[in-house]
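Structural characterization, general
Below, each chain spelled out in residue letters.
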There are 2 protein chains.
Amino acid sequence: MLTFDLLHTDPANADTGYAGSHARRGTLTLNHGVVQTPIFMPVGTYGTVKGVMPSSLEDMGAQIILGNTFHLWMRPGQDVMQSFGGLHGFERWNKPILTDSGGFQVWSLGAMRKITEQGVHFSSPVNGDKLFMSPEVSMQIQTTLNSDIVMQLDECTPYLSVEPKTKGQITTEREARTSMEMSLRWAKRSQDEFARLENPNALFGIVQGGMFEHLRQESLEALVAMNFPGYAVGGVSVGEPKDEMLRIMAHSPHRLPTNKPRYLMGVGTPEDLVEGVAQGVDMFDCVMPTRNARNGTLFTRYGDLKIRNARHKTDHGPLDPTCTCYACKGVTRPDGSVSGGFSRAYLHHLDRCAEMLSPMLSSIHNLHYYLNLMAEIRASLESGTFGAFRAQFKADRARGV
Amino acid sequence: MLTFDLLHTDPANADTGYAGSHARRGTLTLNHGVVQTPIFMPVGTYGTVKGVMPSSLEDMGAQIILGNTFHLWMRPGQDVMQSFGGLHGFERWNKPILTDSGGFQVWSLGAMRKITEQGVHFSSPVNGDKLFMSPEVSMQIQTTLNSDIVMQLDECTPYLSVEPKTKGQITTEREARTSMEMSLRWAKRSQDEFARLENPNALFGIVQGGMFEHLRQESLEALVAMNFPGYAVGGVSVGEPKDEMLRIMAHSPHRLPTNKPRYLMGVGTPEDLVEGVAQGVDMFDCVMPTRNARNGTLFTRYGDLKIRNARHKTDHGPLDPTCTCYACKGVTRPDGSVSGGFSRAYLHHLDRCAEMLSPMLSSIHNLHYYLNLMAEIRASLESGTFGAFRAQFKADRARGV
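Bear in mind that the values here come from a model prediction, so they are computed numbers and not experimental data.

**Some remarks on helix 6 (residues 135–145) of chain A**
All names here are of chain A.
- The buried fraction of helix 6 is high, at eight of 11 residues.
- Every buried residue of helix 6 is listed here: Pro-135, Val-137, Ser-138, Met-139, Ile-141, Gln-142, Thr-144 and Leu-145.
- Downstream of helix 6 by a residue or two, Asn-146 has a phi angle that is positive, lying close to 55°.

Put into structure tokens, the structure is as follows:
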């Protein structure tokens, strides 16, 4: 089940000379609830967003999170997932969940996997077992996970080849076409198996085609003809230079059907998100907020901040004075006391002492930053000021912390 | 400032044949608030209870936490602490804090330190700087930290010698006496410096004397003559066999003044806490709940549980069905939804995947277990049923999980 309602767009304005953009504001209704778009989806690989309490995710207003099919297939395994009736019950998350197909992780195994038309043979990185992934298997696992949004199995077309014979070479048009065409055949097999399993959720097709606009157009048109309830743009953030990514981001999203949600997979920086929205993207996911948090890089309205930097040692100020997260501002308790609201000096100290509270607070801050950025984008689309927001965002981020 | 009010004791009852105990229920009023005793104090070495959000500590009803003077002296250092007006502002904890003297950590440096009557010369384990710790220095640092309870500098008398010439030998009566007598002189110097600094908090003296009751009696009487507002029993949990610990625990606490709080340092297991209360102890601290949590050992009403054990892989039940912590039971949100409340299977999975949420949830559970155990002890003392509680506690813990 999936319903997408388009609430606002960002049209040009002849009076003000504003050029407009492909940005849009919508609501996405799924089996476990309603998601306001554009949205960022925190990544919960193994059934947990790394270092973040579920209660913190709820507090910061996360509306939908990801799970990784491949990882959850390896551990805890399909039998445990089955016994819990899916991922929601296992990880105790009651709002929508999107799962990827597992294709990217299988592909990433490199020498440990062999891709054929039928599917991917590989050795489990956990225990060495010989395993097989196919469109059918991916649908079966994702049906067990009972995720609200299921992704088709696709083949990830890399920017630089990882195959032994062509390693390090830029993927050719012929290679990208071959890969894209197999992903289309896998899209059909995914769709058929999804229907056979009577999965009550929503299956997304994934646009591929490497860095070639004409291949992406072919992929897109073929998928649209298959009438998926939603579409993703895959094969970006796969090692390509930033300008290549922006070129593909400018091509595909806005050419997808207006009345269906569009998901840009694995992207990206705050700047990428704002540009992605301008290109018509509704949904994003990325490990960057949590991974960077664990490495001491914090996102703020005025640019990125390295908490390890010695200049923060005696700084009583918060990471971001405009941020309302638990780490920056804290929360006021019913008894009037304030919990949280920490200084850069304290966060610097926690990092220096390798205390677990450092990645915990940093992950909350970064995820809150991403979610709040999307909330600000949504508000600007509602008030018809996305163009001004986009300019102010760039200026603020360039200011420096 | 310290006020201790004794509310209930645990007298013998000739009618029922109950033998009574030294257990007592009291309130301890400090500069940052009131503490209900008997109490367990979570350890926040570097200004953070490892792996636990301050909001979680508040949620589980922690009334007072520890800070380690030595660690905080090394990092972030006295200048940063001074700039925050003490540890409360730095770590954003508004309730009482107790700091140790730093003596135990300096003593633990082994070959890197040299103890003289004047104090301890040592090399910083962080940067190799040559440093000096003395009763005066400890009081100065703890005054900067502005902890509600300050501990005198003492010399830890080990059970087995760590000195090069006598390493591994059981401490002799002569050695224990020499050490205890120096600790008494350091108690006086601590008291004088604490007064000179006009520290507005409360300084505790520490009973030493190794495993020798007559030395402990001498130490205790000399300290009582110095009229501290509270007393600790130190030099237990220093490598001695359990029966030796219980012997000392049975000697010292109840001989201290009835109208002053008694703190048993660094103890211990749940069983140790219940026995300590029976011997008249009011305050405990120990790293065990958080350290064991990080190692996958969980405390429950029915015994200890190793979450790594394969038998938990498919178990849908909570760690402890009687526990009301976030991990076991979760919390009900204002909108009626439940947050938290995880299965053993999920916790087993998190541990197996080395996910940070594993020690996070386990630390919450173990600390909640300790704090709840003390709450149950307090309730039993209020209702005059401590003897029955003590028996039931032992039976429950022996039952097995």
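Okay, back to it.
**Considering the sheet that holds strand 11 (residues 202–207) of chain A**
Residue and element names in this part refer to chain A.
- Read from one edge to the other, the open sheet built from eight strands follows the order 4-14-13-12-11-10-6-5, with strand pairing classed as parallel. Bordering the open sheet on either side are strand 4 (39–41) and strand 5 (65–67), each of which pairs with just one other strand. The mean angle between the axes of side-by-side strands here comes to 25°, regardless of whether they run parallel or antiparallel.

**Quick notes on the UniProt feature "binding site: substrate" (unreviewed entry) in chain A**
Residues and elements named next belong to chain A.
- In the UniProt entry, the feature "binding site: substrate" (unreviewed entry) is given for Asp-100, Ser-101, Gly-102, Gly-103, Phe-104, Asp-154, Gln-208 and Gly-235.
- In this structure, Gly-102 sits in the loop between strand 6 (97–99) and helix 5 (103–108).
- According to the relative accessible area criterion, Gly-102 is buried, its value standing at 1%.
- Apart from residues lying up to four places away in sequence, Gly-102 is in contact with Thr-69, Phe-70, Met-133 and Leu-153.
- Relative accessible area serves as the criterion here: at 9%, Asp-154 is assigned to the buried category.
- Once residues within four sequence positions are removed from consideration, Asp-154 is found in contact with Ser-101, Gly-103, Ser-183, Trp-186, Ile-206 and Gln-208.

**Regarding helix 12 (residues 344–352) of chain B**
- Helix 12 of chain B sits mainly inside the fold: eight of its nine residues count as buried.
- Among the residues of helix 12 of chain B, Arg-344, Ala-345, Tyr-346, Leu-347, His-348, His-349, Leu-350 and Asp-351 of chain B are the ones counted as buried.
- On the buried face of helix 12 of chain B, the contacting elements are helix 2 (69–74) and helix 4 (87–91) of chain A together with strand 16 (303–306) and helix 13 (357–382) of chain B.
- One or two steps after helix 12 of chain B, the chain reaches Ala-354 of chain B, where phi turns positive at roughly 55°.

**Some thoughts on the side chain of Glu-58 of chain A**
- Tracing the backbone shows Glu-58 of chain A in helix 1 (residues 54–59).
- According to the relative accessible area criterion, Glu-58 of chain A is buried, its value standing at 18%.
- A distance of 2.8 Å separates polar atoms of two side chains, one belonging to Glu-58 of chain A and the other to Arg-333 of chain B.
- Sequence-distant contacts of Glu-58 of chain A, defined by excluding residues within four places in its chain, comprise Trp-93 of chain A together with Arg-333 and Ser-339 of chain B.

**Quick notes on the interface of chain B and chain A**
- Taken together, the 48 residues of chain B in the interface contact 49 residues of chain A.
- Note that Arg-333 of chain B is salt-bridged to Asp-59 of chain A, the shortest N-O span being 2.7 Å.
- Counting every contact that joins chain B to chain A gives 26 residue pairs in polar contact (both at pLDDT 80 or more).
- Listing elements by their share of the side of chain B that touches chain A, those giving two or more residues are helix 1 (54–59), helix 3 (78–83), helix 4 (87–91), strand 18 (338–339), helix 12 and helix 13 of chain B.
- Among the residues making up the side of chain B that touches chain A, the classes are represented as 22 nonpolar, 14 polar and 12 charged.

**Observations regarding the environment of Leu-381 of chain B**
Residue and element names in this part refer to chain B.
- Structurally, Leu-381 can be placed in helix 13.
- A relative accessible area of 2% places Leu-381 in the buried class.
- Linking Leu-381 and Arg-25, residues 356 residues apart in sequence, is a C-alpha distance of 6.2 Å.

**Topic: the pairing of strand 11 of chain A**
All names here are of chain A.
- For strand 11, the tally of buried residues reaches six of six residues, placing the bulk of the element in the interior.
- Burial of strand 11 is two-sided: the residues Ala-202, Phe-204 and Ile-206 facing one way and the residues Leu-203, Gly-205 and Val-207 facing the other way are all buried.
- Sheet analysis places strand 10 (residues 149–151) next to strand 11, joined by three bridges and oriented parallel. Among the inter-strand pairings, Val-150 is bridged to a residue of strand 11, identified as Leu-203.
- As paired elements, strand 11 and strand 12 (residues 230–233) share four bridges and run parallel to each other. Across the sheet, Gly-205 pairs through a bridge with Tyr-231, a residue of strand 12.

**With respect to the relation of the copies chain B and chain A**
- It takes a turn of 180° to lay chain B on chain A, together with a shift of 0.0 Å along the axis; the resulting RMSD is 0.0 Å. The superposition operator between the copies reduces to a two-fold rotation axis. Considering only C-alpha atoms, the part of chain B nearest the rotation axis is Met-356 of chain B, at 4.1 Å.

**Some remarks on the side chain of Asn-366 of chain A**
Residue and element names in this part refer to chain A.
- The topology assignment puts Asn-366 in helix 13 (residues 357–382).
- According to the relative accessible area criterion, Asn-366 is buried, its value standing at 0%.
- A polar contact is formed between the side chain of Asn-366 and the backbone oxygen of Thr-297, at a distance of 3.0 Å.

**A closer look at the UniProt feature "domain: tRNA-guanine(15) transglycosylase-like" (unreviewed entry) in chain A**
- Under the feature "domain: tRNA-guanine(15) transglycosylase-like" (unreviewed entry), the UniProt entry names residues 22–397 of chain A.
- Here residues 22–397 of chain A runs as 40% helix and 17% strand, with 22 Å between its end C-alpha atoms.

**Remarks on the packing of helix 13 of chain B against helix 14 (residues 386–399) of chain B**
Residue and element names in this part refer to chain B.
- Two elements in contact, helix 13 and helix 14, have axes whose closest approach is 8 Å; the angle formed by their N-to-C orientations is 145°. Two secondary-structure elements touch here, helix 13 through Tyr-369, Leu-373, Glu-376, Ile-377, Ser-380 and Leu-381 and helix 14 through Phe-386, Phe-389, Phe-393 and Arg-397.
- Looking at the contact of helix 13 with helix 14 residue by residue, the class counts come to seven nonpolar, one polar and two charged.

**Brief notes about the packing of aromatic side chains**
- Inspection of every chain in the model, using the stated rule, returns 26 aromatic pairs over all chains.
- Seen in terms of ring centroids, Phe-299 of chain A and Tyr-369 of chain A are 6.1 Å apart; in terms of plane orientation they differ by 20°. Their pairing is stacked. A residue pair is termed long-range when its members are at least 10 positions apart, and Phe-299 of chain A in strand 15 (residues 297–300) and Tyr-369 of chain A in helix 13 qualify at 70 residues.
- Given the relative accessible area of 2%, Phe-299 of chain A is considered buried.
- Given a relative accessible area of 8%, Tyr-369 of chain A falls into the buried group.
- A centroid spacing of 5.6 Å and a plane angle of 50° characterise the contact between Phe-70 of chain B and Phe-122 of chain B, whose relative ring orientation is tilted. On the criterion of sequence distance, the pair formed by Phe-70 of chain B in helix 2 (residues 69–74) and Phe-122 of chain B in strand 8 (residues 120–123) is long-range, its members being 52 residues apart. Summarising the burial analysis for this pair, Phe-70 of chain B and Phe-122 of chain B share the class buried.
- Through a chain of ring-to-ring contacts, three or more aromatic side chains come together here, namely Phe-84 and Phe-90 of chain A together with Tyr-326, Phe-342 and Tyr-346 of chain B.
- For the cation-ring pair, Arg-399 of chain A lies above Tyr-302 of chain A, with the distance from its terminal atom to the ring centre recorded as 3.7 Å.

Reading the values: the criteria
Residues numbered from 1 in each chain as written. Chains lettered and ligands numbered in written order. Predicted model: local features only at pLDDT ≥ 70, side-chain atom pairs only at ≥ 80, totals over all residues. Heavy atoms only, no water. Buried < 20%, exposed > 50% of the residue type's maximum accessible area, 1.4 Å probe, protein only. Helix = DSSP H or I, 4+ residues; strand = E, 2+ residues; numbered from the N terminus. Pairing = 2+ DSSP bridges. Axes fitted to C-alpha atoms, helices over the stretch in contact; angles between N-to-C directions. UniProt positions renumbered as here; feature names shortened; annotations may be inferred. Contact = heavy atoms within 4.5 Å. Polar contact = N/O pair within 3.5 Å; in protein donor to acceptor, adjacent residues only side chain to side chain. Salt bridge = Lys/Arg side-chain N within 4 Å of Asp/Glu carboxyl O. Nonpolar A, V, L, I, M, F, W, Y, C, P; charged D, E, K, R; others polar. Least-squares fit on C-alpha atoms with pLDDT ≥ 70 in both. Phe/Tyr/Trp six-rings, centres within 6.5 Å; stacked < 30°, edge-to-face > 60°. Lys NZ or Arg CZ within 6 Å of the ring centre and 35° of its normal.

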